[in-house]
There are 2 protein chains.
Amino acid sequence: MMLEKIKSPADVKALDVHSLEALAAEMRTALIQKLSKTGGHAGPNLGFVDVTIALHYVFDSPKDKIVYDVSHQSYSHKMLTGRAEAFLDPEKYWSVTGYTEPCESEHDHFMVGHTSTSVSLALGLATARDLKGETGNVIAVIGGGSLSGGEAFEGLDNAGEYATNFIVVVNDNEMSIAENHGGLYKSLAELRATAGESGNNYFKALGFDYRYVERGNDIATLIEAFKAVKDSKRPVVVHVHTQKGKGLVWAEEDREGWHWAAPFDAATGVIHWGTGESYSEILAEYLLAKIKADPKVVVIHSAVPAGIGFNAGRRKMAGRQYIDVGIAEEHAVALASGLAKGGAKPIYSTHSTFIQRTYDQLSQDLCANNNPATLLVTCAGADGMNDTTHLCIFDIPLMSNIPNLVYLCPTCVEEMKVMADWAIDQTERPVAIRVPNGVTHRSDVFDKDYSRLNTYKVEHRGTRVAIFALGSFYDRGVAAALELKKAGVDATLVNPRFASGVDMALVEELACDHEVFVTLENGVAEGGFGQKIATACGTLGVKVLVRGLAKEFYDKVPFETLCENNRLSPRQVADDVLEALK
Amino acid sequence: MMLEKIKSPADVKALDVHSLEALAAEMRTALIQKLSKTGGHAGPNLGFVDVTIALHYVFDSPKDKIVYDVSHQSYSHKMLTGRAEAFLDPEKYWSVTGYTEPCESEHDHFMVGHTSTSVSLALGLATARDLKGETGNVIAVIGGGSLSGGEAFEGLDNAGEYATNFIVVVNDNEMSIAENHGGLYKSLAELRATAGESGNNYFKALGFDYRYVERGNDIATLIEAFKAVKDSKRPVVVHVHTQKGKGLVWAEEDREGWHWAAPFDAATGVIHWGTGESYSEILAEYLLAKIKADPKVVVIHSAVPAGIGFNAGRRKMAGRQYIDVGIAEEHAVALASGLAKGGAKPIYSTHSTFIQRTYDQLSQDLCANNNPATLLVTCAGADGMNDTTHLCIFDIPLMSNIPNLVYLCPTCVEEMKVMADWAIDQTERPVAIRVPNGVTHRSDVFDKDYSRLNTYKVEHRGTRVAIFALGSFYDRGVAAALELKKAGVDATLVNPRFASGVDMALVEELACDHEVFVTLENGVAEGGFGQKIATACGTLGVKVLVRGLAKEFYDKVPFETLCENNRLSPRQVADDVLEALK
């Protein structure tokens, strides 16, 4: 076996093309074996094995610097840069992250997970090289799907003006996560169809030299192409046409389904997705019903339709009432604002980690204009994604401090639906709803009207202690109340519902006959909900404990550990409250 | 005079081309007269008179909807849609805003001031039109300089896929605010040079039909071009070449200097800029000295170099150590991260209102990677710009809740310089510095090292009351202390320096022997600095008054009025503190 002997890129350079092809086969086998156990980005990594080998064969990493976009296609890169064991030895499967990570290797330059960043980051490295009078190639790798993100355009446009070495490898597998969207992709298709000769060339229009590689999974061809651009003194795009999922027949056939896959059976292609109810399925059925009931309802998504359960069948059912804008969150929010202004009922949904790509559009395009769009923020909280690169814990500070935006946090499925019903029907203002991850049902009766802003609901009236348990942490509030009950304290339990404002009347009322307030929120506490309550109580004489996560970039910390570390377990909350009561 | 009889676009349609030209001359005269008194966007508006007339002659606003990017070129539009008096009658000069404003007219669809939004917003209107089965043209107007913003690209790319009426008028005056930047502008120049025939066509590459108008200040030509695309069933770009500042010789000659001009003398071309020291001049000299001292220092700006006093002469002096990325804040931050990673010393500066265009890059590209870039946030606070569209009051909530980012708030020129010295020299972390607007000098001795994070400085040790007066509100804290002194209270005065964290040791120490804390910050209070202090004091038994602006989109509220309305005058602060002491 060759792969286990590859300790650095130098070992790749020592092989002939025939051996490199054999190495590629070994790498695919290792990838499939590992991914079938751990899950991961199957499609992008399988498709990119050959390009990675050719890059390391031609260029001299780390002197030559390769920067990967999203970096979810960097598994092969890790294999060739001293980390093969993490793909060969099941004991070491978790010794590397799923993204590039400077702590792991000098061959990794940035820790990233959001799309469309590689060109700008790499241009920074190239500019630093030039300022310091150093040499070497800088290579940005970017997938075709990531090109729709504005940051990638800004980077390409700026780079197109430089007269220096700067190489952009565009990995075109004809896909974003789902199918590609945008006029640009027609041009990419034309370039593929004309072997790169079409006059409609986006990259040339931005000032790049350009080279097309049709056989993007053929190592010899790739080596030739990369040799031709090595040490180029001009910005150049190498457009490589690859096969997403190559080497695993199921992934080649269903490229969207295998972009990211849970553990699977390689022989049968059965992916072991979790079972049971999921919020994405619930959302999908809910949204389809809305679409059917009103032709003015339009659901917008930005390239991750699985987040709302919109598989191909459902997308077809929704017809023109579903718009996938591609990876383009800024445009999605502005488009929603325009749709609302025009009298339609737009609903834009994206994951918490991606809503942060569009703060200015939320603020200026949408909220300053106060247009009645509905936003559904999915995968939110410490129980959302937990890679540093995809944390879902910053949306409350981000969104609850924008004027005019109402940010609602439902505690369960039923409450989410009545909140969404209200948000979609009303025409007064933009409303965002933070969708919980775990599927919780409550048999309560929920208010249908939220137009009296910042009205919290007292679910139980006790004494001495009041728990403000926001959204998906409502259950945690219930559990903390039970713990307090054991200690003889009958706590008041509040469902705040609104993350974006304070129910001042209730806070003042409760402050009169309670000694301690505790706020619970599923996200970073700084700038968030609880700090508003603490501030409102500044002169009221009641003690306030604000409980949320400390402001940090956590990496893969399991949810309950994170809660324990931030004194968020029901037992800890009760202990701290009892201490404060003393 | 024709202009005073124009009550709506119907009156424009009634004129022949010869009269339209005379109307244009009248409009330019009125513009110059008003702008010479009020100041404003001289260059963009003077250049766009003829296009505006032709648009209203050909299209039927408000059924046909015209959406202006930035909307700082919409003065002519206002003249032709019932608001001519605001440009003819000095008494009514302030009856309209400098941007489109739906409250003023049914011909204005959005209130915007940031660039690169018009395509996405207009596409929302077009999509709503189609969903509702309505007809009419939708026209997005965008300046060439705004094309470098990622949001504009995302919008164009998505629009390029539609098979429906959607017209984009690209106003190409060969300029951004300063000269244009980016590879794209070479293509625009090629298109101008070839009368639109060049193969490098960015718009076609994104799926648009395309039409070039060389004589973009000739009304008859423009009418013909717009008639040709009216009712188009496909997305189409009309690329018009205009003369920025047309009709005012000084503005034609110095297009950067007259983009926005203070009141001026039209006969001599003398602009009455304010006199005296300004922070932009101080920054310019400071940064040039840094550049000279270290070839690794690189100053990055995004299209508003005047914000740091980098006029053409200074840009030339800085050479390759100055990078203007164009309007591309996302790229600017990612580029800075890459530069820092590569061992350079990047300093990115932009106005507070524009830093909000790049939250995700601050968080992920820069701070998660903890690269030591320096950010200078200018024009920050309620005394920054005060149009709704350019508020500078949200940067503390935005930036102080991002992990790893140190946000320093100097109180004066001298402190700003030592903070910047430290930020640029250290290599541990990203540091942002909030540049005050008013030029304040203090004779204090300032710490040179800020690596012990979140260490506040007690400037005066008093009793009972502690004032935490952040950054540019330090003087306000001094004034409030004086007021308290009159009432017999000797308040402790703290210069917090760090907006991004709490000096817990100091807070606990002061809480022992003080009864009331008050925090003062020059921005929106929600999610900001004071709320961190209030939260830190949750169980300490000290009362906390958090003073900053309420969470609102203010429009043109004078600074001191805004302070009064938010109980931020020194007298009010003292009164509230005394009340809390009772």
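Residues numbered from 1 in each chain as written. Chains lettered and ligands numbered in written order. Predicted model: local features only at pLDDT ≥ 70, side-chain atom pairs only at ≥ 80, totals over all residues. Heavy atoms only, no water.

**Some details on the environment of isoleucine 6 of chain B**
Residues and elements named next belong to chain B. In plain terms, the rule: Secondary structure elements follow DSSP: runs of H or I of four or more residues count as helices, runs of E of two or more count as strands, with numbering from the N terminus. Any two residues whose heavy atoms approach within 4.5 Å at even a single point are treated as in contact.
Among the structural elements, isoleucine 6 can be located in the segment before helix H1 (9–13). Spatially, the C-alpha atom of isoleucine 6 lies 6.9 Å from that of glycine 82, the residues being 76 residues apart in sequence. Here isoleucine 6 is in contact with Asp11, Val12, Leu15, Leu23, Met79, Leu80 and Ala84, once residues within four sequence places are set aside.

**A closer look at the packing of helix H15 (residues 329–341) of chain A against helix H17 (residues 359–367) of chain A**
All names here are of chain A. Spelled out, the test is: Comment: axis = line fitted to C-alpha atoms, over the contacting stretch for helices; angle = value between 0 and 180 degrees taken between N-to-C directions. An angle below 35 degrees is treated as roughly parallel, one above 145 as roughly antiparallel, one from 65 to 115 as roughly perpendicular, and anything else as oblique. Here is the rule for handedness: rotate from the far helix to the near one, and if that takes an anticlockwise turn smaller than a right angle the crossing is left-handed, while a clockwise turn gives right-handed. Note on residue classes: Ala, Val, Leu, Ile, Met, Phe, Trp, Tyr, Cys and Pro are nonpolar, Asp, Glu, Lys and Arg are charged, and everything else, Gly too, is polar.
Running from amino to carboxyl end, H15 crosses H17 at an angle of 15°, the nearest separation of the two axes being 9 Å. Looking at the two axes, H15 sits roughly parallel to H17. Here the hand of the crossing between H15 and H17 comes out right-handed. In this structure, H15 contributes Glu330, Val333, Ala334 and Ser337 to the contact, and H17 contributes Gln361, Leu362, Asp365 and Leu366. Its residues placed into classes, the contact of H15 with H17 shows four nonpolar, two polar and two charged.

**As for the relation of the copies chain B and chain A**
Stated precisely, the cut-off is as follows: What sets the superposition is a least-squares fit of C-alpha atoms, and only residues with pLDDT of at least 70 in both copies go into it.
The two copies are related by a screw operation: chain B maps onto chain A through 180° of rotation and 0.0 Å of translation along the axis, at an RMSD of 0.0 Å. Look at the turn and shift together and you get a two-fold axis relating the two.

**Some points on the sheet that holds strand S3 (residues 166–172) of chain A**
All names here are of chain A. Rule in force here: Pairing between strands is defined by DSSP: at least two bridges between them are needed.
The five strands lie next to each other as S1-S2-S3-S5-S4, forming an open sheet whose pairing is parallel. On the outer flanks of this sheet lie strand S1 (65–68) and strand S4 (209–213), each paired with one strand and no other. Going across the sheet, the axis of each strand differs from the next one's by a mean of 20°, ignoring polarity. Across seven bridges, S3 lies against strand S5 (residues 235–241) in parallel orientation. Within S5, the residue paired with phenylalanine 166 across the bridge is proline 235.

**Re the sheet that holds strand S14 (residues 457–460) of chain A**
Residue and element names in this part refer to chain A. Read across the open sheet, the five strands follow the order S14-S16-S15-S17-S18; overall the sheet is mixed. This sheet does not close on itself; its edge strands, each paired only once, are S14 and strand S18 (543–549). Here the average twist between neighbouring strands, direction ignored, is 25°. Direction of pairing for strand S17 (residues 514–524) relative to S18: parallel, over a ladder of six bridges. Within the sheet, the bridge partner assigned to phenylalanine 517 lies in S18 and is valine 544. In this fold helix H21 (residues 504–513) packs onto S14, strand S15 (464–469), strand S16 (492–495) and S17, with an angle of close to 135° to the strand it touches most, S17.

**A closer look at the pattern of salt bridges**
All names here are of chain A. Quick reminder of the rule: Whenever Lys or Arg places a side-chain nitrogen within 4 Å of a carboxyl oxygen from Asp or Glu, that contact is recorded as a salt bridge. Only protein chains enter the accessibility calculation, which uses a 1.4 Å probe; a residue whose area is less than 20% of its type maximum is buried, one above 50% is exposed, and one in between is partly exposed.
On inspection of all chains with the given rule, the structure shows 78 salt bridges over all chains. Glutamate 104 is paired through a salt bridge with lysine 78; the nearest N and O atoms lie 2.9 Å apart. Here glutamate 104 is found in the loop between helix H6 (85–88) and helix H7 (118–131), whereas its partner lysine 78 is found in helix H5 (residues 75–83), with 26 residues between them in sequence. Aspartate 108 is the partner of arginine 83 in a salt bridge, and the nearest nitrogen-oxygen pair spans 2.8 Å. Residue arginine 83 is located in helix H5, and its partner aspartate 108 is located in the loop between H6 and H7; the two are separated by 25 residues in the primary sequence. A relative accessible area of 7% means that arginine 83 is categorised as buried. Taking relative accessible area as the criterion, aspartate 108 reaches 2% and is therefore assigned buried.

**Things to note about helix H13 (residues 279–293) of chain B**
All names here are of chain B. Inclusion rule: The span one expects for a helix is its residue count, reduced by one, times 1.5 Å.
Relative to the 21 Å expected for 15 residues at 1.5 Å per residue, H13 spans 21 Å between its end C-alpha atoms, a close match to the ideal helical length. Residues of H13 that are buried: Tyr279, Ser280, Ile282, Leu283, Ala284, Tyr286, Leu287, Leu288, Lys290 and Ile291. Contacts made by the buried residues of H13 are with strand S8 (297–301), helix H14 (312–318), strand S10 (345–351), strand S11 (374–378) and helix H19 (413–425).

**Digging into the packing of helix H2 (residues 17–38) of chain A against H5 of chain A**
All names here are of chain A. Interaxial distance between H2 and H5 falls to 11 Å at its minimum, and their mutual angle equals 115°. In this structure, H2 crosses over H5, and the sense of that crossing is right-handed. On H5, the residues touching Leu23, Met27, Ala30, Leu31 and Leu35 of H2 are Tyr75, Ser76, Met79 and Leu80. Considered class by class, the residues forming the contact of H2 with H5 number eight nonpolar, one polar and no charged.

**Describing the interface of chain B and chain A**
Applicable threshold: Here the quantity called buried area is the total loss of accessible area, with a 1.4 Å probe, experienced by two parts when brought into contact, counted for both. Polar contact is defined as a pair of N or O atoms within 3.5 Å, subject to the rule that within protein one atom must be able to donate a hydrogen and the other to accept it, and that residues adjacent in sequence are counted only when both atoms are side-chain atoms.
Listed per partner, the contact involves 107 residues of chain B and 108 residues of chain A. In this assembly, chain B packs against chain A so that about 8,500 Å² is buried in total across both faces, 55% of it on carbon and sulfur atoms. Contact with chain A buries surface across chain B, with Leu131, Glu154 and Phe553 of chain B losing the most and accounting together for 9% of the total. Linking chain B with chain A are four salt bridges, by the criterion used here. Between aspartate 360 of chain A and arginine 357 of chain B there is a salt bridge; the shortest N-O distance is 3.5 Å. At the junction of chain B and chain A, the tally comes to 52 residue pairs in polar contact (both at pLDDT 80 or more). For the side of chain B that touches chain A, the per-class residue count stands at 41 nonpolar, 44 polar and 22 charged.

**Points about unusual backbone geometry**
A cis geometry characterises the amide bond from serine 61 of chain A onward to proline 62 of chain A, with omega recorded as 10°. Assignment of secondary structure puts proline 62 of chain A in the loop between helix H4 (49–58) and S1. Phi is positive for serine 116 of chain B, which is not a glycine, with a value near 75°. In this structure, serine 116 of chain B sits in the loop between helix H6 (85–88) and helix H7 (118–131). Unusually for a residue other than glycine, asparagine 404 of chain B sits at a positive phi of about 75°.

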